[in-house]
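Read off the chains here:
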Amino acid sequence: LTAWLLDPKTCQPLPGWPKSLKNWSDDDGFKMTMSVGTAVAIDEDGNLIVAGNFIVDNKPQGYVALLNSSGSLLWEKASQVGDEITSVAAGTAQFSNRVIVGGSQRTSDNPVRTDAAVWIYHYDGESVFVAPPTTLRAPFTLDELHKDQMNWLSERVRAIVTLPGTGYALAV
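Draft legend 1. Here's a closer look at the pairing of strand E5 (residues 59-67). With respect to burial, E5 is a largely interior element, eight of its nine residues being buried. The turn joining strand E4 (residues 48-56) and E5, which pair antiparallel and follow one another in sequence, is formed by two residues; a positive phi near 50 degrees is taken by Asp57. Direction of pairing for E5 relative to strand E6 (residues 73-81): antiparallel, over a ladder of six bridges. Paired with Gln61 across the strands is Val81, a residue of E6. Counted between consecutive antiparallel strands, the loop separating E5 from E6 contains five residues, among which Gly71 sits at a positive phi close to 95 degrees.

Next up, the structure:
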């Protein structure tokens, strides 16, 4: 997992960048695990939210880090194996101490099936609490024809943003 801070005129990395998980992480296990970056956001204080997934036994394991604007670690969290992160958004206004994370949770390995999931990471400057996810699965509306009672369909959150001034998050 690597992040590049790019000059808007040239798209070249700024001095001191790129930075990788191996540069910022405090966890030696994280540093040695294969990872892939999937999402970034910037919070109201200019901190960088970087997210991705470790690959553990051919399964995703979500990872979220909050870095300061220089790329130094403020906090990091790994999720459970089977949780896949695809998107992040910074909380705003009275929710500015939150990171909203979108992705999926595996419900089956063979074949792979997932339910969409949204997690909220709460941080207070000293610790990070991850609330249990909100699970989003079919049927989404009452008028859907296929009710997916056997949970054969896979749902995933692909992107998430926060609506300015409201604290609401919009996920697709």
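There's plenty left to go through after this.
Draft legend 2. The arrangement of the environment of Ser154 in detail. Topologically, Ser154 is positioned in the loop between strand E11 (134-136) and strand E12 (160-162). With a relative accessible area of 34%, Ser154 lands in the partly exposed category. With near-sequence residues (within four places) excluded, Ser154 lies in contact with Val112, Arg113 and Thr114. Polar contacts involving the side chain of Ser154 include one to the main-chain amide nitrogen of Thr114, which spans 3.0 Å.

Draft legend 3. View of the packing of aromatic side chains. If you walk through the whole model with that rule in mind, you get five aromatic pairs. On the numbers, 5.1 Å between centres and 55 degrees between planes, the contact of Phe54 with Tyr63 is tilted. Both residues of the pair, Phe54 and Tyr63, count as buried. Among the aromatic residues, ring-to-ring pairing joins Phe30, Phe54 and Tyr63 into one connected group.

Rules behind the numbers
- Residues numbered from 1 in each chain as written.
- Predicted model: local features only at pLDDT ≥ 70, side-chain atom pairs only at ≥ 80, totals over all residues.
- Heavy atoms only, no water.
- Buried < 20%, exposed > 50% of the residue type's maximum accessible area, 1.4 Å probe, protein only.
- Helix = DSSP H or I, 4+ residues; strand = E, 2+ residues; numbered from the N terminus.
- Pairing = 2+ DSSP bridges.
- Contact = heavy atoms within 4.5 Å.
- Polar contact = N/O pair within 3.5 Å; in protein donor to acceptor, adjacent residues only side chain to side chain.
- Phe/Tyr/Trp six-rings, centres within 6.5 Å; stacked < 30°, edge-to-face > 60°.

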